[in-house]
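Observations on the model geometry
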Amino acid sequence: MNRHEKGTNASSLFRNRFLQTILLSSVLLQIGIWVRNFAILLYVAERTNNDPYAISLISVAEFAPIFVFSFIGGTFADRWRPKRTMIWCDLLSAVSVFVVLLTIHYGSWQSVYLVAFISAILSQFSQPSSMRLFKYHVAEEQLQQGMALFQSLMAIFMVLGPVLGTFIYSTFGLETSIAVMGVVFLLSALVLIRLPEDNMEAQTAAVKGQFRKEFIEGFRYVWQSQVLRMLGLAFILAGLAVGVAQALNLFIVTERLGRSKEFLQYLLMVNGAAMLIGGGIVAVFAKRVPPQVLLAIGMIAGAFCTAIVGYSTSVPLTLTVQFLNGLVFPCIHIGISTMILKWSHASIVGRVNGVLNPMFVGMMVISMSFAGALKDAFSLSTIYGGAGLLFLLGALVMVPIMNQKAPNNALTVVET
């Protein structure tokens with residue numbers, strides 16, 4: 001079935017075997033990630049009496065490896081068989097979780113940071129492999145709709161994840177929460193066996209010595225594309241903004257709103273419910289709006305909403321703004337993912353992702369690392385206002401490329 005024929009049947013997207021399998025795998029992984037995130041957050045908050053440095057270190061442990069390993073993982077993702085890579089990454093993640101669980105059981109509570117750290121490393125090999133398969137198995141004209149489906153899945157777990165994570169930790173404790181993560185990673189690996197067989201050959205022995213050349217080629221490819229260059233700059237600005245806001249969310253709840261730390265789950269639930277609605281809206285209009293316009297809209301909305309959250313001391317106002325921000329947030333995720341896929345050839349998608357992703361995550365790690373110090377020096381209102389300004393600058397960066405058309409990088413989609 002060629003790309004045009006596949007695109008003429010809207011329901012073909014839902015019958016796509018690759019998409020069915022990867023969505024089921026993502027459901028399992030989201031369960032593990034949300035249970036892990038809330039278990040570690042609540043445990044460290046209790047253990048350290050809400051120490052901002054210890055809490056911000058959770059985010060550093062989760063995102064710092066991405067900055068280091070994304071370059072390497074993206075290059076290897078373009079060399080290795082993607083299906084096999086994804087299965088092995090989930091299996092190794094499951095094994096590592098159970099090893100860390102043993103160290104926690106025998107008294108080293110600081111090992112909770114390792115759970116996020118190791119998982120983040122392995123995801124840098126698995127995620128670009130998934131992007132590569134997405135480019136190969138989904139028609140070009142369906143890419144943005146496919147990304148909207150993933151965004152909707154994320155939104156569902158923004159609603160259910162905090163409740164599930166808080167319930168399992170409060171009911172069963174840290175060790176059971178970590179064990180749940182290990183089990184779902186193992187189940188995800190089993191689900192991925194259903195993926196269509198890799199038709200993309202692994203690199204032959206004759207070219208296995210060219211890793212450095214291929215690594216550099218990813219940077220050159222991004223630099224030569226004006227759209228990808230501007231996307232990288234937007235990534236940097238957005239990463240700085242998101243890092244601070246994410247690391248200090250707990251203090252918005254406890255200090256600005258005067259609620260207990262458990263109230264954070266309700267902020268995330270409202271945000272997630274709005275993301276689910278927003279993802280559906282974007283999916284309907286996905287073909288009509290260029291991805292760079294979607295990204296700019298999302299960042300402008302993020303600018304104003306982030307600033308208001310920092311200044312608000314009203315629970316109803318904060319919840320309303322969180323809802324509005326969630327409603328528009330899918331524009332950011334869908335816009336970014338679609339731009340990477342549309343402006344990258346299938347043979348280099350992993351490396352492009354490996355170059356751009358660290359720009360966002362690296363800036364997140366930097367701002368997360370300084371979040372505790374910033375909180376000591378400035379008010380939450382000032383910090384969140386600055387984060388909003390960074391989002392606004394990120395939106396302005398997109399202006400020069402608003403009318404750019406994606407190059408014809410499409411490959412023929414295989415029958416799945």
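Use the structure listed above.
Quick notes on the rules
Residues numbered from 1 in each chain as written. Predicted model: local features only at pLDDT ≥ 70, side-chain atom pairs only at ≥ 80, totals over all residues. Heavy atoms only, no water. Helix = DSSP H or I, 4+ residues; strand = E, 2+ residues; numbered from the N terminus. Buried < 20%, exposed > 50% of the residue type's maximum accessible area, 1.4 Å probe, protein only. Contact = heavy atoms within 4.5 Å. Areas by Shrake-Rupley, 256 points an atom, 1.4 Å probe, with all protein chains shown as cover. Expected span 1.5 Å × (residues − 1). Arc of directions from axis to C-beta. Polar contact = N/O pair within 3.5 Å; in protein donor to acceptor, adjacent residues only side chain to side chain. Salt bridge = Lys/Arg side-chain N within 4 Å of Asp/Glu carboxyl O. Axes fitted to C-alpha atoms, helices over the stretch in contact; angles between N-to-C directions. Parallel < 35°, antiparallel > 145°, perpendicular 65-115°, else oblique. Nonpolar A, V, L, I, M, F, W, Y, C, P; charged D, E, K, R; others polar. Phe/Tyr/Trp six-rings, centres within 6.5 Å; stacked < 30°, edge-to-face > 60°. Lys NZ or Arg CZ within 6 Å of the ring centre and 35° of its normal.

**As for the overall build of the protein chain**
Of regular secondary structure, the protein chain possesses 17 helices and zero strands. The 416 residues of the protein chain split such that 56% are buried. Partitioning the contacts of the protein chain with sequence separation of at least 6, the portion at a separation of at least 24 is 90%. For the protein chain, the exposed area adds up to about 17200 Å²; of that, 67% sits on carbon and sulfur atoms.

**Re helix H13 (residues 315-328)**
If you check H13, its first and last C-alpha atoms are 20 Å apart, about what 14 residues at 1.5 Å a residue would give, namely 20 Å. Buried residues of H13: Val315, Thr318, Val321, Gln322, Asn325, Gly326 and Val328, and no others. The buried side chains of H13 occupy one side of the element, clustering within an arc of 165 degrees when seen end-on. Between the side-chain oxygen of the N-cap and the backbone nitrogen of leucine 317 there are 3.3 Å, and the N-cap of H13 in question is serine 314.

**Details of the pattern of salt bridges**
Two side chains of opposite charge can pair, provided their charged atoms sit close to one another. Enumeration according to the criterion identifies one salt bridge in this entry. Residue lysine 375 is joined to glutamate 255 by a salt bridge in which the shortest nitrogen-to-oxygen separation is 2.8 Å. One end of the pair, lysine 375, is in helix H16 (residues 371-377); the other, glutamate 255, is in helix H10 (residues 226-256), with 120 residues separating them in the sequence. According to the relative accessible area criterion, lysine 375 is buried, its value standing at 18%.

**Details of the packing of helix H12 (residues 291-311) against helix H17 (residues 380-397)**
For the pair H12 and H17, the least separation of the axes is 7 Å and the interaxial angle reads 170 degrees. For the element pair H12 / H17, the angle class is roughly antiparallel. Touching Ala296, Met299, Ile300, Gly302, Ala303, Thr306, Ala307, Val309, Gly310 and Tyr311 of H12 are Leu380, Ser381, Tyr384, Gly385, Ala387, Gly388, Phe391, Leu392, Gly394 and Ala395, all from H17. When the residues that make up the contact of H12 with H17 are grouped by side-chain class, the tally is 13 nonpolar, seven polar and no charged.

**As for the side chain of aspartate 90**
Tracing the backbone through its elements, the reader meets aspartate 90 in helix H5 (residues 82-105). At a separation of 2.6 Å, a polar atom in the side chain of aspartate 90 contacts the side chain of serine 188. The residues contacting aspartate 90, other than those within four sequence positions of it, are Ser25, Leu29, Phe185, Ser188, Ala189 and Leu192.

**Some thoughts on the packing of aromatic side chains**
What the rule picks out here adds up to four aromatic pairs. Above the face of the phenylalanine 263 ring, arginine 259 is positioned so that its terminal group lies 5.0 Å from the ring centre. A cation over a ring is seen here: lysine 375 above phenylalanine 251, with NZ or CZ 4.9 Å from the ring centre.

**With respect to helix H3 (residues 17-48)**
When the terminal C-alpha atoms of H3 are compared, their 46 Å separation across 32 residues agrees well with the 46 Å that a helix rising 1.5 Å per residue should span. Phi turns positive one or two residues past the end of H3, at asparagine 49, with a value near 60 degrees.

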